[in-house]
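Commentary on secondary and tertiary structure
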Amino acid sequence: MTGERAGGALRVSAYLGLAVLGALVGVAGALVQAAWFPGGLLLALLGIAALCYGGVQLTRTRLGGVAPAVAWVIVVLMLTASRPEGDFVFGVGIGSYVFLLGGMLAGVMCATMPKVPQPGSSAVRLGK
């Protein structure tokens, strides 16, 4: 019973770690995408896509890709809000919109990926 709890705690900590990485990738991508356009935009989108795909492969569940994507979306949407002083991180332009929509698309793609095959399973159907 304690082995199951330890495994569950390890899985939850992996999801939390992926969420923290998703938030960091969101902040870094928000700063880089406009600074080095178009290379920074491509780098920022590749960063979130790689993190989501890596999360799926690491945890062998779809939630491994959803956790960083949700954290990324929350952080990026918080950064789009203007402050009382009138400052904001994103400028008006096509790059900002591509970053927002592209990052969300990467998260959705990882969340809807085909289920990762379990180790030891074969492609042969039983009884055939």
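Remember, predicted model here, so these are calculated numbers, not experimental data. (Residues numbered from 1 in each chain as written. Predicted model: local features only at pLDDT ≥ 70, side-chain atom pairs only at ≥ 80, totals over all residues. Heavy atoms only, no water.)

Comments concerning the overall build of the protein
Each helix and strand counted, the protein has four helices and zero strands in total. Per-residue burial for the protein yields a buried fraction of 29% across its 128 residues. Intrachain contacts of the protein at a sequence separation of at least 6 include 73% that bridge at least 24 residues. Looking at the protein as shown, the accessible area adds up to about 8200 Å², and 73% of this sits on carbon and sulfur atoms. (Helix = DSSP H or I, 4+ residues; strand = E, 2+ residues; numbered from the N terminus. Buried < 20%, exposed > 50% of the residue type's maximum accessible area, 1.4 Å probe, protein only. Contact = heavy atoms within 4.5 Å. Areas by Shrake-Rupley, 256 points an atom, 1.4 Å probe, with all protein chains shown as cover.)

A word on the packing of aromatic side chains
Scanning all chains against the criterion turns up one aromatic pair. Ring geometry for W72 versus F99: centroids 5.2 Å apart, planes at 65 degrees, classification edge-to-face. Placement of W72 in helix α3 (residues 63-80) and of F99 in helix α4 (residues 94-111) is noted, with a sequence separation of 27 residues between them. Residue class for F99 comes out buried when judged on its relative accessible area of 0%. (Phe/Tyr/Trp six-rings, centres within 6.5 Å; stacked < 30°, edge-to-face > 60°.)

Quick word on the environment of G103
Relative to the helices and strands, G103 resides in helix α4. Overall, the relative accessible area of 3% leaves G103 in the buried class. Taking the C-alpha atoms as reference points, G103 and G26, 77 residues apart in sequence, are found 8.8 Å from one another. Those residues in contact with G103 that sit more than four places away from it in its chain are L45, I48, W72 and V98.

Let's talk about the environment of L45
You can see L45 is positioned in helix α2 (residues 39-59). Residue L45 is classed as buried on the basis of its relative accessible area, which comes to 19%. The sequence separation of L45 and L105 amounts to 60 residues, and the corresponding C-alpha distance is 9.7 Å. With residues up to four places along the chain from it excluded, the contact list for L45 reads V98, F99, G102 and G103.

Quick look at α4
Here α4 is 18 residues long and its end C-alpha atoms lie 26 Å apart, about the 26 Å a rise of 1.5 Å per residue gives. For α4, the set of buried residues is G95, S96, F99, L100, G103, A106, G107 and C110. Projection of α4 onto a plane perpendicular to its axis shows the buried side chains occupying an angular sector of 140 degrees, all on one side. Opposite its buried face, α4 presents the exposed residues I94, L101, L105 and M109, each directed more than 90 degrees away. (Expected span 1.5 Å × (residues − 1). Arc of directions from axis to C-beta.)

Remarks on the nonpolar core
I48, C52, W72, V76, F99 and C110 are the most contacted members of the largest nonpolar core, which has 15 residues in total. Counting residues per element, the ones that place at least two in this core are α2, α3 and α4. With six residues, the top contributor of residues to this core is α2. (Core = buried A, V, L, I, M, F, W, Y, C linked by side-chain atoms within 4.5 Å.)

Points about the packing of α2 against α4
The contact between α2 and α4 brings their axes to 9 Å, and the two run at 15 degrees. Taken as axis vectors, α2 and α4 run roughly parallel relative to one another. Crossing handedness for the pair α2 and α4: right-handed. The segment α2 lies against α4, with L41, A44, L45, I48, A49, C52, Y53 and V56 engaging G95, V98, F99, G102, G103, A106, G107 and C110. Counted by class, the contact of α2 with α4 contains 12 nonpolar, four polar and no charged residues. (Axes fitted to C-alpha atoms, helices over the stretch in contact; angles between N-to-C directions. Parallel < 35°, antiparallel > 145°, perpendicular 65-115°, else oblique. Left-handed = near helix turned anticlockwise from the far one by under 90°. Nonpolar A, V, L, I, M, F, W, Y, C, P; charged D, E, K, R; others polar.)

Shape descriptors only; they carry no functional weight alone.
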